[in-house]
Amino acid sequence: MRRAHHLSPLWLALLAAPLFIQQAMAAPEVRLYVDGQQVATPIVLDKGTVELTHTLAKGSHQIRISDADNSCGTSFGPSESKPLPFGTAQPMDKCSKDQSFTLRVMLAGEYQFTFNPDTPSLKVLRATKKSEFKRQPPEEPCISWDGGPVTVSLKGVWPEGTRLRDAYSKQEAVVKQGKLTLTPSKESGGLLLLEPVKAAKPAPFSWDQASVYFLLTDRFHNGDPANDHSFGRQKDGQDEVATWHGGDFKGLTEKLDYIKSLGMNAIWITPMVEQVHGFIGGGEQGNFPFYAYHGYWALDFTKIDPNYGDEESLKTLVDEAHKRGMRIILDVVMNHA
């Protein structure tokens, strides 16, 4: 006959304790900091994307999100101090202790901050919610948006010729005669939120992991047929196995966009120096003319072979390649000439 085992109330309390402890642990709270001051509304990190509205004065403001202790894991900001543009979610570092976004406000009022702790990221826009009047507004007709273009006067705000972007619609326009015209997005209710568009600086070229396209200049593309017969070089009128085909710097320049479309950012060309003028007999029987179209029979290392072009066409090739973020590699053979 087995004896039943009963747990005492003390043991039951001890076994249940972890459950109660886990339930009692609340999700961490953080707050929006503006110029070092906490915004009263708390943000609970287990509720996903959070939106809150705060009033900002005209000027530049330092923005970050953190708990009271500025703890790693609950201290959100940029990895380095940087501007906070309107309308674009900016990535944030969870352990940003001393860095803040700089938000430039041109018009005082309420601004809406959208914080996503999962990404994490932060986006800001001017709040478009209707305000409740505490006093009777003046007897003036309200301006209503008809859904069409809006012209705003920017004299004294941005200089003539400044390119501006609307943070809501992402449209861009240039200030002309102190004015700018854009069609607002439907979601904005006719409001334009403008910020200057800074010219994007191209990333510096790096040879690390460069994609290099190798080619024989003469056999690639003929851009200038007038230089095909330098020094009396001729076709053989047969298979043209080893005669000059006419490829040159001008032809290569015409094909830069094509080469870039292949994912290449560097072009390696065969030696460009002046080659021997004549030919040797090609093949086992020596029965066809074999010219130095390949560039490996140098005659004068101080000159460019005219079949490829001249210094000006080479300069144009290099300049146009650089405009596209590409580089030109010159093949040089010094051990035989």
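Owing to the predicted nature of the structure, the values given are computational and were not obtained by experimental measurement. (Residues numbered from 1 in each chain as written. Predicted model: local features only at pLDDT ≥ 70, side-chain atom pairs only at ≥ 80, totals over all residues. Heavy atoms only, no water.)

Participant: Residues and numbers for the overall build of the chain, please.
Facilitator: Scanning the chain for helices and strands turns up four helices and 22 strands. In the chain, which comprises 337 residues, the share counted as buried stands at 36%. Of the contacts made within the chain by residues no fewer than 6 positions apart, 64% connect residues no fewer than 24 positions apart. Counting every atom, the chain has about 21400 Å² of accessible surface; 54% of that belongs to carbon and sulfur. (Helix = DSSP H or I, 4+ residues; strand = E, 2+ residues; numbered from the N terminus. Buried < 20%, exposed > 50% of the residue type's maximum accessible area, 1.4 Å probe, protein only. Contact = heavy atoms within 4.5 Å. Areas by Shrake-Rupley, 256 points an atom, 1.4 Å probe, with all protein chains shown as cover.)

Participant: Give me the lowdown on the pairing of strand β10 (residues 121-126), citing residues and values where you can.
Facilitator: Within a regular beta strand, the side chains point alternately toward one face of the sheet and then the other, so they alternate between its two faces. With respect to burial, β10 is a largely interior element, five of its six residues being buried. Bridging between strand β7 (residues 90-91) and β10 involves two bridges; their strand directions are antiparallel. Bridging across to β10, Gln-90 finds its partner in Leu-122. The pairing of strand β9 (residues 109-116) with β10 spans six bridges and is antiparallel. Within β10, the residue paired with Gln-112 across the bridge is Leu-125. Connecting β9 to the antiparallel partner β10 that follows it, the hairpin turn spans four residues. (Pairing = 2+ DSSP bridges.)

Participant: Got a sec to walk through a nonpolar patch on the surface? Specific residues and values, please.
Facilitator: On the surface, a cluster of nonpolar side chains totalling about 330 Å² of accessible area is made up of Val-212, Phe-214, Leu-216 and Trp-268. Checked against the element boundaries, Trp-268 lands in strand β17 (residues 266-269). Classification of Trp-268 by relative accessible area gives partly exposed; the value is 36%. (Patch = residues over 30% accessible without salt bridge, like charges linked within 9 Å, V, L, I, M, F, W, Y side chains within 5 Å. Salt bridge = Lys/Arg side-chain N within 4 Å of Asp/Glu carboxyl O.)

Participant: Before we move on, can you summarise the sheet that holds strand β16 (residues 212-215) with the specific residues and values?
Facilitator: Ordered by their spatial adjacency, three strands build an open sheet running β16-β17-β22, and the pairing between neighbours is parallel. Both edges of this open sheet fall to β16 and β22 (327-330), since each of them pairs with a single strand only. Taking the axes of each pair of neighbouring strands and ignoring which way they run, one obtains an average angle of 25° across the sheet. Across four bridges, the pairing between β16 and β17 is parallel. Bridge pairing links Tyr-213 to Ile-267 in β17. (Axes fitted to C-alpha atoms, helices over the stretch in contact; angles between N-to-C directions.)

Participant: So, the sheet that holds β10: which residues are in play, and what are the values?
Facilitator: Backbone-to-backbone hydrogen bonds pair the strands of a sheet. The strands run either parallel or antiparallel. Ordered in space as β3-β9-β10-β7, the four strands form an open sheet in which the pairing is antiparallel. The open sheet has two edge strands with one neighbour each: β3 (50-56) and β7.

Participant: I'd like to hear about the confidence of the model for the chain, residue by residue, with values.
Facilitator: With 89% of its residues at a pLDDT of 70 or more, the chain shows a mean pLDDT of 88. Confidence over residues 19-24 falls short of pLDDT 50; this stretch has zero contacts with residues more than four positions distant or in other chains. (pLDDT = per-residue confidence, 0-100.)

Participant: Describe unusual backbone geometry, listing the residues and the values that go with them.
Facilitator: In this model, Thr-119 is joined to Pro-120 through a cis peptide bond whose omega is -20°. Along the chain, Pro-120 falls in the loop between β9 and β10. In this model, Asn-70 sits at a positive phi of 55°, which is unusual for a non-glycine residue. Relative to the assigned elements, Asn-70 resides in the loop between β4 (59-66) and β5 (75-76). Overall, Asn-70 belongs to the buried group, its relative accessible area being 18%. Even without a glycine there, the phi angle at Phe-231 is positive, about 55°. Relative to the elements of secondary structure, Phe-231 occurs in the loop between β16 and α2 (249-254).

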